[in-house]
Amino acid sequence: MSKTYYSPSHEYVTVDGNIGYIGISDYAQQALGNVVYVDMPEDGDDLVAGEDFGAVESVKAASDLFAPVSGAVVEINEQLIDNPRLINEDAMSNWIVKVELTDPSELDKLMDEEAYRAHCEAEKH
Amino acid sequence: MNKKYYGKVIFELSRPGRQGYSLPANGCEDALAGLPSDLLRTKSPELPEVDELTVVRHYNNMSTNNFGVDTGFYPLGSCTMKYNPKINEEMASLPAFTALHPFQPSATVQGALEAYYTLQQMLSEIGGMAEFTLNPYAGAHGELTGLMVIRAYHESRGDMKRTKVIVPDSAHGTNPASAAVAGLKVVEVKSLPDGTVDVEALRPLLDETVAAVMMTNPNTVGIFEHNIPEIAEMVHACGALLYYDGANLNPLLGVARPGDMGFDVMHINLHKTFSTPHGGGGPGSGPVGVRAGLEQFLPNPRVVKHTGDNGDPLFHLDFGTEKGPHALGRISAWLGNFAVELRALAYILSLGRDGLKLAGTLATLNANYIKESLRDLYELPIDRVCKHEFVFDGLTDKSTGVTTLNVAKRLLDHGFHAPTIYFPLLFHESLMIEPTETESKETLDEFIAVMRDIAREAAETPDVVKNAPLETPIRKPDDTAAALNPVVTFADL
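Predicted model only: the values in this text are computed from it and were never measured. (Residues numbered from 1 in each chain as written. Chains lettered and ligands numbered in written order. Predicted model: local features only at pLDDT ≥ 70, side-chain atom pairs only at ≥ 80, totals over all residues.)

Draft legend 1. A look at the overall build of chain A. A tally of regular secondary structure across chain A gives four helices and nine strands. Each helix and strand of chain A, placed in order from N terminus to C terminus, yields the pattern β-β-β-α-β-β-β-β-β-α-α-β-α. The globule rule puts the C-alpha radius of gyration for 125 residues at 14 Å, and the 13 Å found for chain A is close to it. Principal-axis analysis of the C-alpha atoms gives chain A an extent of 35 × 35 × 25 Å. Sorting the 125 residues of chain A into buried and exposed places 37% on the buried side. Taking the contacts inside chain A whose residues are at least 6 apart along the sequence as the reference set, 59% of them involve residues at least 24 apart. (Helix = DSSP H or I, 4+ residues; strand = E, 2+ residues; numbered from the N terminus. Rg over C-alpha atoms; globule rule 2.2 N^0.38 Å. Buried ≥ 20, exposed ≤ 12 C-beta atoms within 10 Å, placed from the backbone. Contact = placed C-beta atoms within 7 Å.)

Draft legend 2. Quick peek at unusual backbone geometry. Residue and element names in this part refer to chain B. N217 connects to P218 through a cis peptide bond whose omega is -5°. Tracing the sequence through the fold places P218 in the loop between strand 4 (210-216) and helix 9 (228-237). A cis geometry characterises the amide bond from A468 onward to P469, with omega recorded as 0°. By the secondary structure assignment, P469 is in the loop between helix 15 (462-466) and helix 16 (479-484). We note that S275 has phi near 55°; this positive angle belongs to a residue other than glycine. Secondary-structure assignment places S275 in the loop between helix 11 (270-273) and strand 7 (288-290). Accessibility expressed as a C-beta count within 10 Å gives 26 for S275, which makes it buried. For Y422, which is not glycine, the phi torsion reads 60° and is therefore positive.

Draft legend 3. Representation of the interface of chain A and chain B in the model. Of the residues lining the interface, six residues belong to chain A; the matching set on chain B comes to seven residues. When grouped by side-chain class, the residues that make up the side of chain A that touches chain B number four nonpolar, one polar and one charged. (Nonpolar A, V, L, I, M, F, W, Y, C, P; charged D, E, K, R; others polar.)

Draft legend 4. Up close: the nonpolar core. Judged by nonpolar contacts, the single largest core of 110 residues is most densely connected at B:V149, B:I150, B:V165, B:A212, B:V213, B:Y243 and B:V265. Of the residues forming this core, the biggest block, twelve residues, is contributed by helix 12 (residues 338-374) of chain B. Setting aside residues no more than four positions away along its own chain, B:A212 makes contact with B:L147, B:I150, B:V165, B:A240, B:L241 and B:Y243. Counting 32 residues, the second largest nonpolar core, distinct from the first, contains A:I24, A:V69, A:W95 and A:L110. (Core = buried A, V, L, I, M, F, W, Y, C linked by C-beta atoms within 7 Å.)

Draft legend 5. Looking closely at the packing of helix 5 (residues 110-127) of chain B against helix 12 of chain B. Residues and elements named next belong to chain B. Interaxial distance between helix 5 and helix 12 falls to 10 Å at its minimum, and their mutual angle equals 60°. In terms of orientation, helix 5 and helix 12 fall into the oblique class. Our pair here, helix 5 against helix 12, has a crossing hand that is left-handed. Two secondary-structure elements touch here, helix 5 through A115, Y116, T118, L119 and M122 and helix 12 through E341, L342, A344, L345 and I348. Across the contact of helix 5 with helix 12, the residue classes tally to eight nonpolar, one polar and one charged. (Axes fitted to C-alpha atoms, helices over the stretch in contact; angles between N-to-C directions. Parallel < 35°, antiparallel > 145°, perpendicular 65-115°, else oblique. Left-handed = near helix turned anticlockwise from the far one by under 90°.)

Pasting the structure below:
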């Protein structure tokens, strides 16, 4: 049974046991426009909640990626190397990195689906 | 519009053996025989083989595809695309300058050294600084040089733990990039809703690990940072230095000086504020100035003025002997892009003190005139008197689905260069307009009328705007494919 959490800077983490799949939200991909490059960490890198771990470049801008939770990278989504537009096609299933969570209690500080939707609405104005 | 587009590449015009001149037989074969064989090329260079008329027609036709300030209005926000007076070109083209060689003895280039020294002095007065180096090649190079100066200052005091640079979230991307290249860590500080730096968010970030705070004033949304004296005091209290990004110096010319606001180090983009060529027509130039007490850290070589035996001024190049051990070494080959510096000097001398003051004031007036003339149709997120530029957050009426990108493309159909779009990142539909002082009221009115007409079209016939541009020679280049698979040589086409 997986559950998805969101950060205010528009990253999501879908958690399944102690494994988290981190990506950018659908709202974020829409705001960015066509993604042309994803700068990803390497297997074994440690992510620290709130700190940047890569970047997404689109035709409009380059945006840093901030880790919603801390954890060790166990896999990166290699499909994004050749086909970064997968993020535009389906941001929620095309996660960027897979991590092993170090501190699941960090999830409590993130937003659920409903709170995140309200956050996006507020940001529009 | 819809003029016929000339889209050929000179290699397409090449025919084997065709040439413009018949050259006499090469009499140097014997000399070649003496060269080591691994230094001789085995294959002829792949150059186009064309006659003179073909070359002349090709480049004349190509030049008609250009859009520049010399052909039309160019309100590209954040770039200060002001007109570059032709007298600048004339001065920089004088053989007395163009025929010089950097290895000439100082005694034979006194005029050139005096020109460099004079511009250095003038920029110091305009910026309220003690001394300038003109050596950096461009704005970002100036930022890097300025940060290297700041690092040298901290290290000279044995203060080795200052590894952070604070930049506002509205900063130009060059700020964090320059800090990273200088080996410093970037920390972002949030803006308030009006686009100015949040003093209360900055306060807790300031400690003994901060090397510098970089600010742009007016900032990237064209708003003057009113809290700058307080920010300067806070920054200095923690032992850091305050850096002025001169990207937006234009409106302040002769009115306010970064040095008086408490900035310690600054750079100026000559290619913006001082009317030297820009973009593809560059190269740029990014002089760096420092307040009194920091001169010793500026890079070498520098032009130094002495008094000769006969009482006349005497200029020479100093490579570090006169300012002590802390000076940076060379950050460029010699004295930067010297011909660009000459253009800036010509601009300052031809406008004079009063003219420069008027430049900044009129740039501000022009920006506010456009802003107030369009604010009923375009969303104005920051409702304040702006300086040289301002940002709309797209059309006020978002229900039509017409985006900032569509509006920008539609402007091309009317012969205007598009404003800067989707920057700054503070808003989703940023449309950033900077008219500069060199445009007449008639041009501004034409632009306003077209922008109003596009807003009307967006409501009545949104598909027209969404499909724009309709009349440019090339309509919709695929920018995603260009970023993913750039084809940059003819052979790959």
